[in-house]
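The chain contents come next:
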Amino acid sequence: MVDAVVVRATGGPEVLELARIDVPEPGTGELLVDVAAAGVNYIDTYHRRGLYPKDLPFTPGNEGAGVVAAVGPEVTGFAAGDRVAWAEVAGSYAQRAIVPAHSAFAVPDGVSDEIAAASMLQGLTAHYLVTSTYPVKPGDTVLIHAAAGGVGLLLVQTAKSRGGKVIATVSTAEKEELARGAGADEVVRYTENDFAEEVERITGGVGVAAVYDGVGKDTFDRSLACLARRGMLVLFGASSGPVPPVDPQRLNAAGSVFLTRPTLGHHLATPEEFRWRCEELFSAITGGRLDVRIGGRYPLADARKAHEDLEGRRTTGKLLLIPGPAGRPGARRRSPSRRR
């Protein structure tokens, strides 16, 4: 048996319970992995609250990194002892996890388990948003909300690497410094200024080619107002709550603009696409073109605290759960780290 976080009823962070669970042997095409680090993401809070329903009980977590402990039948390309990372695999808040081999990627030498775990879901999200949903082109001006968060910092860097000009929104001076450090050309503190008015000023009234909005309800209307004619509002999350139904006529009135609500799973549609995105992501990391910031580390026993910090917007960069070796109970929480 191993330690894992279990949700038996949907609700607030208090429903996250540390428990002992059985881990099955890996089946056909599966890996059994000792989890070194599991990523904490907003989608985990949606599952916990029941916004995206899951069968109860369940273990949260969709990404992580660790060492293969055993391989199931018909697995090729992986062996016990290999270091792997994964995304879009449920049950990662645990000391051990079952990972389909087609959802695992070999972690390159020189990339730590923690950086690998911190990179998968948010790094692949940033990749598909700027290469596939709205492909940023040299000279494009784009707006990125929550630019000091885990996805936001990666989005800023990735959009800049494609030749874009980035306007970023943040809430504090500390977060402004992080966004500028990631390469943002302009930073707007939305707590002090109307970001739509600032975008109008910065662009000379033209607007932006795209808005990457993971905030949702609180920013949607003003995000729509920021778009240039035939621009695209990319709504990829809802940290402030879901957006109410939208009258399509609003898109006409805003300048024949586009609205899309993409998700990562649809951009990892085949093993080949998954490998391509992972290869580009880790090439950028090992090549020094993408800096992954870890904002906090918590043992499994403090998953509740990690969710409270994330939803309270008290964090920057990526939050990780560190399960510890299987069979060893989690230790007291370590303070969030601000080291890169």
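Attention here is on the structure that accompanies the text. Fair warning: this is a prediction, and the values are worked out from it, not measured in the lab.

### Remarks on the overall build of the protein
Along the backbone of the protein there are 9 helices and 15 strands. Overall size of the protein, expressed as C-alpha extent along the three principal axes, is 60 × 40 × 40 Å. Residue burial in the protein is summarised as follows: out of 340 residues, 54% are buried. Once local pairs closer than 6 in sequence are excluded, the contacts in the protein between residues at least 24 apart make up 69%.

### Here's the deal with helix α1 (residues 42-49)
Of all the residues in α1, the buried ones are Asp 44, Thr 45, Tyr 46, His 47 and Arg 48. Those residues of α1 hidden inside the fold are in contact with β1 (2-7), β2 (16-21), β3 (30-40) and α9 (303-311). Just downstream of α1, Gly 50 is the residue with a positive phi angle, here 90 degrees.

### Some thoughts on the pattern of salt bridges
Evaluation of the coordinates by the stated rule reveals 22 salt bridges. In this structure, Glu 17 engages Arg 8 in a salt bridge whose closest nitrogen and oxygen atoms are separated by 2.9 Å. Taking relative accessible area as the criterion, Glu 17 reaches 33% and is therefore assigned partly exposed. Taking the relative accessible area as the measure of exposure, Arg 8 reaches 46% and is therefore partly exposed.

### A few points about the side chain of Ser 103
Its place among the elements puts Ser 103 in the loop between β6 (96-100) and β7 (104-106). For Ser 103, the side chain forms a polar contact with the side chain of His 102, separated by 3.3 Å. Ignoring anything within four residues of it in the chain, the contact list for Ser 103 reads Ala 85, Trp 86, Ala 87, Val 89 and Phe 274.

### Overview of the packing of helix α2 (residues 113-133) against helix α8 (residues 271-286)
Across the interface, α2 lies against α8 with an axial gap of 9 Å and an inter-helix angle of 110 degrees. The angle between the axes of α2 and α8 places the two elements in the roughly perpendicular class. Contacts between α2 and α8 involve Ile 115, Ala 116, Ser 119, Met 120, Gly 123, Leu 124, His 127, Tyr 128, Thr 131 and Ser 132 on the former and, on the latter, Phe 274, Trp 276, Arg 277, Cys 278, Glu 280, Leu 281, Phe 282 and Ile 285. Looking at side-chain class alone, the contact of α2 with α8 contains 11 nonpolar, 5 polar and 2 charged residues.

### Brief notes about the nonpolar core
Judged by nonpolar contacts, the single largest core of 57 residues is most densely connected at Leu 124, Ile 144, Leu 155 and Tyr 212. Per-element tally for this core: the top contributor is α2, with 11 residues. Apart from residues lying up to four places away in sequence, Leu 124 is in contact with Ala 87, Ser 119, Leu 264, Leu 268, Phe 274, Arg 277, Cys 278 and Leu 281. Ranked by size, the runner-up nonpolar core spans 28 residues in total, among them Val 7, Val 15, Val 35 and Trp 86.

### Quick notes on the environment of Phe 258
Tracing the backbone through its elements, the reader meets Phe 258 in strand β13 (residues 258-260). Its relative accessible area of 46% is what places Phe 258 among the partly exposed residues. For the pair Phe 258 and Leu 224, spaced 34 residues apart in sequence, the C-alpha to C-alpha distance is 9.4 Å.

### Some words on the sheet that holds strand β8 (residues 141-144)
In sheet architecture, strand pairing relies on hydrogen bonds along the backbone and comes in two forms, parallel and antiparallel. Spatially, β10-β9-β8-β11-β12-β13 is the arrangement adopted by the 6 strands of the open sheet, whose pairing is parallel. Two strands lie at the open edges of the sheet, namely β10 (186-189) and β13, each paired on one side alone. Sheet twist, expressed as the average angle between the axes of neighbouring strands with direction ignored, equals 15 degrees. Against the sheet, α2 makes contact with β11 (208-213), β12 (227-235) and β13, and its axis sits at roughly 150 degrees relative to β12, the strand it touches most.

The rules behind the values
Position labels on residues start from 1 in each chain and follow its written sequence. Restriction of local features to residues with pLDDT of at least 70 applies here, the model being predicted, together with a cutoff of 80 or more for giving and counting side-chain atom pairs; totals for whole chains, interfaces and linings are based on all residues. To obtain the side-chain values, all non-hydrogen atoms of the structure were included, while hydrogens and water were left out. A run of H or I in DSSP becomes a helix once it reaches four residues, and a run of E becomes a strand once it reaches two; helices and strands are each numbered from the N terminus. For each residue, the accessible area found with a 1.4 Å probe, counting protein chains only, is set against the maximum for its type, and the residue is called buried under 20%, exposed over 50%, and partly exposed in between. Only heavy atoms matter for contacts: two residues are in contact if any of them lie within 4.5 Å across the pair. Any carboxyl oxygen of Asp or Glu within 4 Å of a side-chain nitrogen of Lys or Arg constitutes a salt bridge here. Here a polar contact is taken to be a pair of N or O atoms separated by no more than 3.5 Å, where protein atoms must pair a possible hydrogen donor with a possible acceptor and residues adjacent in sequence count only if both atoms sit in side chains. Between the N-to-C directions of two axes lies an angle of 0 to 180 degrees, each axis being a line fitted to C-alpha atoms and, for a helix, fitted only over the stretch in contact. The scheme is simple: roughly parallel for angles under 35 degrees, roughly antiparallel for over 145, roughly perpendicular for 65 to 115, oblique for anything else. Note that Gly is not counted as nonpolar here; it falls among the polar residues with everything else outside the nonpolar set of Ala, Val, Leu, Ile, Met, Phe, Trp, Tyr, Cys and Pro and the charged set of Asp, Glu, Lys and Arg. Take the buried Ala, Val, Leu, Ile, Met, Phe, Trp, Tyr and Cys residues and link them wherever side-chain atoms come within 4.5 Å; each set so joined is a nonpolar core. Between any two strands, at least two bridges found by DSSP are needed for them to pair.

These values are about where atoms sit, not about what they do.
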